Amino acid sequence: MAEQDRSAPSADPALLGRAHVRLDGAEKVTGAALYASDRRFPNRAHAALVTSAIARGRISGIDSAVAAARPGVLGIFTHRDFAGAVRPVKHLMAGGYANSSYLPLGSDRIAYAGQIVALVVAETVEAARAAASLVAVTCEPEAYAASLDAPGAEIVRLADLKAKHTDPRRGDADAALFAAAHRVTALYRTPVQHHNPMELFTTTCVWEGERLVVHEPTRYVGALRHGLAEQLGLDPGNVRVVSGPIGGHFGSKLALSQHTALVALAARRLGRPVSLVPTRRQCFTIANHRPETRHEIHLGADRAGRFTALVHEAEMGASRFDPFAMEGTDVTASLYACPAIRTEERAVRLDRNTPGPMRAPPEVPYLFALESAVDEMAGLLGLDPIELRRRNDTATDPVSGKPFTTRPLIRCFEAGAEAFDWGRRRQGPARDGPWRIGLGCAAAVRPVKIAPAVMRVAIAPDGTVTVESAHHEIGNGITTLLAMGAADWLGVPAASVAVRLGDTDLPPAGLSGGSSTTTSLMSALDQACRALRGRLAAGVPPGSARPCAAPPPRRGRSGRRSIRPASGRPARRGSGSAACSTPRTSTSTSS
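Bear in mind that the values here come from a model prediction, so they are computed numbers and not experimental data.

A. Summary view of the overall build of the protein chain. The helix and strand inventory of the protein chain stands at 14 helices and 29 strands. Considering the protein chain as a whole, with its 591 residues, one finds that 54% of them fall into the buried category. A separation of at least 24 residues holds for 81% of the contacts in the protein chain among residues at least 6 apart in sequence. Carbon and sulfur atoms form 53% of the exposed surface of the protein chain, whose accessible area is close to 25300 Å².

Structural data, given as C-alpha cells:
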C-alpha cells in the first residue's frame, strides 16, 4: 500500500454528499448498542435521588432511619456526609466546567425545587428507589421567585452580569423610530421548555485504585474529566470518562452535572461501582432547561418598506448563582439592513437551577420575536412577507459593517417559495374543518463556528483505517460521516474505516454544541488525511515508527456569519497543523 499514490482521493465515486447506511444503525435498531447505563460491572450498586419539594429554604431535619432499615440499603448520603467533600467549580460559560455551579449536598440550603437533598444507594434499583421514598426531609421554607414578574425576582442588565457581553447598537434608534413612517410595537413571550431525552441523565462511577472511571452520556468528556478532577482533588490523568452513544440530549448533557461527583463519592466510600438512573420526573430539575423569555420589539420602516429603526429589549430567566443567561440580540441586530439599532438584554435572577442550551439554539426565541414583528410590518404595509425581507436584505452586518462570508437568505426564500407554491398564499388560509391552514415564512440565524479538536488517523498494512477522537456521537451520524470522509480522502472502502469516539483516553476534542461538530472534526480529519497521504506518497511504509506528540488544540474561532433560513446549513471552513504519531503509518492533527 505504501507504493500507491495517496496524494489524491480515490477515483471511486465520492461518498461525501451521497446517502450512506449509518455504521451504528444496525446496533441501535437491534438493541445491541451499549449506552452508559447498559454497561454491567461486578458488584455494582444502584443509587436513587431524594429531591426537594420546596423552592427555597433550609433543611431543618432528615429522618432516614426507616429507609436505612430497608433490605439491601447500603448507604444514605446527605449534606451531613458530603458538605465540603466537593469543591466548587465554575459554570462552563464562566471559565469552568459545570452546567451549574451549585453544590446540592454542599450545605443545608435549598436553592430551587427539585434540588438533590439525599442520595440513597442499595443493591438494586427497586430497593434504592423504595428507600428514597421513605427518607423524610423537613424544611423551613422561605419566600421565592419562580417567574419573571414574581416579587423578589432580581433584574440585572446582562452587560452587568457578564463581563464580555455588549448590547449591539448603532445610531439613534429612538429618534429614528419616532420619525418612521410606519411603526410596529409588540410584546412577545416564550415559555419555559425542558429537554427530557429518551436516555436519562445517568452515570456510573467505578474506582480502579486511585483512578476514577465514569460512564456517562455527555457532550463534553473533557469538561467532565477536568471538572470532576477539580471537584474531587484528583489529577485529571486519574479520571477517565467514557460517553459512548448518546440517546438524545437536545442541548442538555452539556458539561459536568451536579450529581456525578456525588455518585463518585458514594462509590469510593462503599468500595464498589455505583450507578444512578434518575426518574424521568427528576430529570426536569437536575438538568438545565430553556428559560422563559420576554421581548419588546419596536420596528420602524419608511414608505418603501425599508427598515429605519429597530429596538429589541429582552428579558430571560436565570439562576441566582451563575453568571449565565441565554442571549440572542446579537443575531436579531444583524439579520436585516437597518441604520439605527438599539438592543438591551436583561437577566431575571430566579430561584431556579441554571438554564442551558436547548434545541434549537438560544437565538431562536429572539428570532421568533423579530420575525413575528417583521410579519406584522408586512401586514401593515400590505407587502408580501418575502418581498419585505428582500427589500431589507444586506451584504454586510448592519452593526459591525463587516461583509458576510455567505448570504444566501433570499435565494433560500425563493427556493422555498417555489417548493411550497407560495403564490397560494394570496388566496388566504384554507379551511379543514375547524382548522385554518395558511403559509408563512421565517428566517433563522446561527454563527458558523469551529472549535478545537485533535484527530488521530492510522492506516495499517492491510489497508484498514482507524479514526480516533474524544469527541462524541450524539446521534447525528458523525461516526458515519467521519468514516465516509476518511474513505474518500484515503481511497479505501468505508467498511475498512473504524471510528472511535467518546473516551478521554482518545485525542482531546471540544464539546458537541454550537453546531460546530462537523466543521471542527471534518476539518481536522481532512488535514490528518492530507498529512497521511503525504507520508505515504513520500514512501514512508506502514509499520514504520516516527513518533512525535500531537499538537495541542488551538483556541476555537467563529467565522463570519452565514445567514439563511432555518433549513439552511452553514459553510465549512477550518485550518490547523499536523503531526505524526504512533508506530503505524498515522498522523494526528489539531484544528
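B. Examining the pattern of salt bridges more closely. Scanning all chains against the criterion turns up 36 salt bridges. Measuring nitrogen to oxygen at the nearest pair gives 3.0 Å for the salt bridge that ties R342 to D174. Note that R342 is positioned in strand β18 (residues 341–350) and D174 in helix α6 (residues 173–179), a separation of 168 residues in sequence. Given a relative accessible area of 17%, R342 falls into the buried group.

C. Fine view of the environment of A180. By secondary structure assignment, the location of A180 is in the loop between α6 and β9 (182–190). When the C-alpha atoms of A180 and A309 are compared, they prove to be 7.5 Å apart, with 129 residues separating the residues in sequence.

D. Region of the structure containing the nonpolar core. Counting 41 residues, the largest nonpolar core has L119, V121, L212, L228 and L232 as its most contacted members. Sorting the residues of this core by element identifies β1 (45–51), β5 (116–122), β11 (203–208), β12 (211–215), α7 (221–232), β13 (239–242), α8 (260–270) and β14 (274–276) as the ones contributing at least two each. If one sorts the elements of this core by residue count, α8 sits on top with seven residues. Not counting residues within four places of it along the chain, the set of residues in contact with L228 comprises L212, V214, A223, V239, L256, T260 and A261. Counting residues in hydrophobic clusters, the runner-up holds 32 residues, among them A186, A301, A333 and L335.

E. View of the packing of α7 against α8. The interhelical angle for the contact between α7 and α8, taken along N-to-C directions, is 60°, at an axis separation of 10 Å. The angle between the axes of α7 and α8 places the two elements in the oblique class. Both α7 and α8 take part in a crossing whose hand is right-handed. Here α7 contributes L224, L228, Q231 and L232 to the contact with α8, which in turn contributes T260, A261, A264 and L265. When its residues are assigned to classes, the contact of α7 with α8 shows six nonpolar, two polar and no charged.

F. Summary view of the pairing of β12. Across the five residues that make up β12, a large majority, four, are buried. Pairing geometry for β12 and β13, over four bridges, is parallel. When the bridges of β13 are listed, V213 appears paired with R240. What joins β12 to β13 is α7, and the crossover it makes is right-handed.

G. The arrangement of the environment of T285 in detail. The topology assignment puts T285 in the loop between β14 and β15 (289–290). Since its relative accessible area comes to 23%, T285 is described here as partly exposed. As for T285 and A113, which are separated by 172 residues in sequence, their C-alpha atoms are 7.4 Å apart. Once residues lying within four places of it in the same chain are set aside, the contact partners of T285 are Y112, A113, G114 and N353.

Definitions and limits used
Here, residues in each chain are numbered from 1, in the same order as that chain's written sequence. Confidence filtering applies because this is a predicted model: local features only for residues at pLDDT of at least 70, side-chain atom pairs given and counted only at 80 or more, and all residues used for totals across whole chains, interfaces and linings. Hydrogens and waters are ignored; side-chain quantities use all the structure's heavy atoms. We count a stretch as a helix when DSSP gives it H or I for four or more residues in a row; a strand needs E for two or more, and each element gets its number in order from the N terminus. Three labels apply to residues, based on accessible area from a 1.4 Å probe with only protein chains included: buried if under 20% of the type maximum, exposed if over 50%, partly exposed otherwise in between. Any pair of residues with heavy atoms lying within 4.5 Å of one another is described as a contacting pair. Where accessible areas are quoted, they stem from the Shrake-Rupley method and a 1.4 Å probe; at the residue level, only the protein chains shown are allowed to cover. Just to be clear on terms, a salt bridge is a Lys or Arg side-chain nitrogen sitting within 4 Å of an Asp or Glu carboxyl oxygen. The definition of a nonpolar core used throughout is a set of buried Ala, Val, Leu, Ile, Met, Phe, Trp, Tyr and Cys residues joined through side-chain atoms within 4.5 Å. Note on definitions: angles span 0 to 180 degrees between N-to-C directions of axes, and those axes are lines fitted to C-alpha atoms, for helices only across the stretch in contact. To sort the angles, those under 35 degrees are grouped as roughly parallel, those over 145 as roughly antiparallel, those from 65 to 115 as roughly perpendicular, and the leftovers as oblique. With the far helix as reference, a near helix turned anticlockwise by less than a right angle produces a left-handed crossing, and one turned clockwise produces a right-handed crossing. Classification convention: Asp, Glu, Lys, Arg as charged; Ala, Val, Leu, Ile, Met, Phe, Trp, Tyr, Cys, Pro as nonpolar; all other residues, Gly among them, as polar. Strands were regarded as paired on the criterion that DSSP finds at least two bridges between them. Note on handedness: a crossover is taken as right-handed if, strands pointing away from the viewer, the path from the first strand over the helix to the second is clockwise.

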